[in-house]
Amino acid sequence: EYSTLESSNTFCEDLLGYSSSNAILSSTLTLPQSFGSIYLGETFVCYVSLHNDSTDTCDSLNLRCDLQTASQRLPLLQPQSESEVINEQLVPGASIDHVLSHEVKECGTHILVCEVSYNAPSRGKLNFRKYFKFQVAKPLDVKTKFYNAESDDVFLEAQVQNVTAGPLCLEKVGLEPSPMFGVMPLNHVPSADPRKAGDNEEKRLVFGQVNFLQPQDSRQYLFCLTPRSDLRLTYKQLKGTTNIGKLDIIWRTNP
């Protein structure tokens, strides 16, 4: 049976944008109707523009943006202290702009929370809060099998499946072993000329130079894990080992 092994994905950047306008800073928040899918390992990027479209000057302005997940609240934009303000005044027609980014490391519901507080002429302290909810999906399904060899080596087979709605390209599938093991990838076609073994490594990959996966397509990768030489004599230490390493996967979607 396959068992799950944690994978680590690098990102493909998606650009998301929104702006907020107030009157005095109105509580209208404009968001894109559709921004595509966001997947685990990508970087969430958004542009925040707080604009004063009234005829009054606002002061003691404070803007805070947090990203709320199922397990934590991540500050993306916040003052250094509770008493600090990001701008003493915001005159009519002026705006405050920020680009926020965060590498997404959790699946499920994410909520971008934007909070604004300010002083308005003759109206005192005012504030409002807006929410922007989006879902983060898992881009890849990773399953593993282990095979024990008589030589004490362990062979790891990793099955990587594209579970997104569109095609993607696997640029790298590697294994970072734990300190107890060394690793040898077995995913290359042997070179006919040993003198050229180190040249054009990408062209010798089993799946070719461009590893392109359609939705639901899978690839199998094989790695040989060898116990450290100083641990072979005390192999009992390895029998209880549950952490053999971490898969490192780099993938890209269409821009």
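All residue numbers here refer to positions counted from 1 along the written sequence of the relevant chain. Predicted model: local features are reported for residues with pLDDT of at least 70 only, side-chain atom pairs are reported and counted for 80 or more only, and whole-chain, interface and lining totals are derived from all residues. Note that the side-chain values use all heavy atoms of the structure and ignore hydrogens as well as water.

1. Examining the nonpolar core
Phase 1 of the analysis: In this text, buried Ala, Val, Leu, Ile, Met, Phe, Trp, Tyr and Cys residues form a nonpolar core when linked through side-chain atoms within 4.5 Å. Note on classification: 1.4 Å probe, protein chains only; a residue is buried when its accessible area is under 20% of the maximum for its type, exposed when over 50%, partly exposed between these limits. Membership of the largest hydrophobic core comes to 26 residues, with the highest contact counts inside it found for Phe-44, Leu-61, Cys-65, Leu-100, Leu-112, Val-116 and Tyr-118.
Phase 2 of the analysis: Counting from the N terminus, the helices are DSSP H or I runs at least four residues long and the strands are E runs at least two residues long. For this core, the elements supplying multiple residues, two or more each, are strand 6 (43-52), strand 7 (58-68), strand 8 (73-77), strand 10 (95-103), strand 11 (108-120) and strand 12 (124-137).
Phase 3 of the analysis: One finds Tyr-39, Val-154, Leu-168 and Leu-225 within the second-largest nonpolar core, a separate group that totals 20 residues.

2. Observations concerning unusual backbone geometry
Phase 1 of the analysis: Of note in this structure, Ser-60 is not a glycine but carries a positive phi near 50°.
Phase 2 of the analysis: Mapped onto the secondary structure, Ser-60 falls in strand 7.
Phase 3 of the analysis: The class for Ser-60 is partly exposed, based on a relative accessible area of 21%.
Phase 4 of the analysis: Located in the positive-phi region is Gln-216, a residue other than glycine, with phi close to 75°.
Phase 5 of the analysis: Overall, the relative accessible area of 48% leaves Gln-216 in the partly exposed class.

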